[in-house]
Amino acid sequence: AEIYFLDAARAMVESGDWLVPRYAGEPFFDKPALTYWLMAAAMEVLGPTRAAGRAISGLAALGLLLATAALGARLMDRRTALAGSVALATSLGFMSFGRVAMSDMLLALLSTLAVSLAVFAYRPGAPRFVVPLLGAMAGLGFALITTLVLLGGSSEHAATADAAPADHDPYDPSDPSDQFQETSS
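Quick caveat, the model's predicted, so the values are computed rather than measured. (Residues numbered from 1 in each chain as written. Predicted model: local features only at pLDDT ≥ 70, side-chain atom pairs only at ≥ 80, totals over all residues. Heavy atoms only, no water.)

Focus on the overall build of the protein
- Scanning the protein from terminus to terminus reveals 8 helices and 2 strands.
- Contacts spanning at least 24 positions in sequence make up 69% of the contacts within the protein whose residues lie at least 6 apart.
- Accessible surface, the protein: about 10400 Å² in total, of which carbon and sulfur atoms supply 66%. (Helix = DSSP H or I, 4+ residues; strand = E, 2+ residues; numbered from the N terminus. Contact = heavy atoms within 4.5 Å. Areas by Shrake-Rupley, 256 points an atom, 1.4 Å probe, with all protein chains shown as cover.)

Quick word on the packing of helix H3 (residues 50-75) against helix H4 (residues 78-89)
- In the contact formed by H3 and H4, the axes pass within 8 Å of each other and the chain directions differ by 150°. For the element pair H3 / H4, the angle class is roughly antiparallel. For the pair H3 and H4, the sense of crossing is right-handed. Mapping the contact onto sequence places Leu64, Leu65, Thr68, Ala69, Gly72 and Ala73 in H3 and Ala81, Gly84, Ser85, Leu88 and Ala89 in H4.
- Of the residues belonging to the contact of H3 with H4, the class tally is 7 nonpolar, 4 polar and no charged. (Axes fitted to C-alpha atoms, helices over the stretch in contact; angles between N-to-C directions. Parallel < 35°, antiparallel > 145°, perpendicular 65-115°, else oblique. Left-handed = near helix turned anticlockwise from the far one by under 90°. Nonpolar A, V, L, I, M, F, W, Y, C, P; charged D, E, K, R; others polar.)

Topic: H3
- Over its 26 residues, H3 runs 37 Å from end to end, which matches the ideal 38 Å to within 8%, given 1.5 Å per residue.
- Among the residues making up H3, those that are buried are Arg50, Ala52, Gly53, Ile56, Ser57, Ala60, Ala61, Leu64, Leu65, Ala67, Leu71 and Gly72. (Expected span 1.5 Å × (residues − 1). Buried < 20%, exposed > 50% of the residue type's maximum accessible area, 1.4 Å probe, protein only.)

Structural notes on the packing of aromatic side chains
- Applying the stated criterion across every chain yields a total of 4 aromatic pairs.
- Between Tyr4 and Phe28, the ring centres sit 5.2 Å apart and the planes meet at 35°, which makes this aromatic pair tilted. Remark: Phe28 occurs in the loop between strand E2 (26-27) and helix H2 (33-46) and Tyr4 occurs in helix H1 (residues 2-15); sequence separation between them is 24 residues.
- For the pair Phe5 and Tyr36, a centre-to-centre distance of 5.6 Å together with 45° between the ring planes defines the contact as tilted. Here Phe5, found in helix H1, pairs with Tyr36, found in helix H2; they are 31 residues apart in sequence, far enough to count as distant. For the pair formed by Phe5 and Tyr36, the shared burial category is buried.
- Among the aromatic residues, those joined into a cluster by ring pairs are Tyr4, Tyr23 and Phe28. (Phe/Tyr/Trp six-rings, centres within 6.5 Å; stacked < 30°, edge-to-face > 60°.)

Concerning unusual backbone geometry
- Non-glycine residue Ala24 carries a positive phi angle of around 55°.
- When you line up the elements, Ala24 lands in the loop between strand E1 (22-23) and E2.

Things to note about the nonpolar core
- Core analysis: the biggest nonpolar cluster contains 36 residues, and Tyr36, Met39, Phe94, Met105 and Leu106 have the highest contact counts within it.
- Taken together, the elements giving at least two residues each to this core come down to H1, H2, H3, helix H6 (104-122) and helix H7 (130-145).
- Not counting residues up to four positions away in its chain, the partners in contact with Tyr36 are Tyr4, Phe5, Ala8, Ala9, Met12, Pro21, Phe28 and Lys31. (Core = buried A, V, L, I, M, F, W, Y, C linked by side-chain atoms within 4.5 Å.)

Notes on the pattern of salt bridges
- All told, the structure shown has 3 salt bridges when counted by the stated rule.
- Residue Glu2 is joined to Arg54 by a salt bridge in which the shortest nitrogen-to-oxygen separation is 2.7 Å. Taken as a pair, Glu2 in helix H1 and Arg54 in helix H3 lie far apart in primary sequence, 52 residues in all.
- A relative accessible area of 21% means that Arg54 is categorised as partly exposed.
- Where Asp7 meets Arg10, a salt bridge forms, and the shortest distance between an N and an O atom there is 2.3 Å. One end of the pair, Asp7, and the other, Arg10, are both in helix H1, 3 residues apart, so they sit about a helical turn from each other.
- On the basis of relative accessibility, which here comes to 6%, the residue Asp7 falls in the buried class.
- Judged by its relative accessible area of 10%, Arg10 falls in the buried class.
- In the salt-bridge network here, residues are joined through shared partners; they are Asp7, Arg10 and Glu14. (Salt bridge = Lys/Arg side-chain N within 4 Å of Asp/Glu carboxyl O.)

So, in structure tokens, the structure goes:
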């Protein structure tokens, strides 16, 4: 699934069309647009590489560790917060999804931030900006998981996108058809 995100973000950068995500040249609305936009922005800065696309998940993973620690400290104590963050950081799922160009880590971050802000807003004496910020995090999380169905997206694109040639491995760096070759600098 990583290739959907990478190709759509690269296509946005190359075409200049940041509204309609495309996979293999066709409109592709089955994945969240917010992630495409963030990855495309990273590709604008770092170049159209896998590393640029994966940077968003990596940064979201770091943010998730911090948000987990902050939530743990708010609900429990600092020692428990540190233990929770270490447990998260060393889990296989976290390490796996923190290094692939997909929306999962970003969604986990936004969800954790929303819960943290809800806990903060519930406490007496919370600053007035917390509730609007909670709304913003929840809104971003919703934007992340929704598809652009209103613009004509449907799941029929997923069937054609999954029909890649059997001999093509999008993760094989020696494959000459791979558009995301890492470059040494």
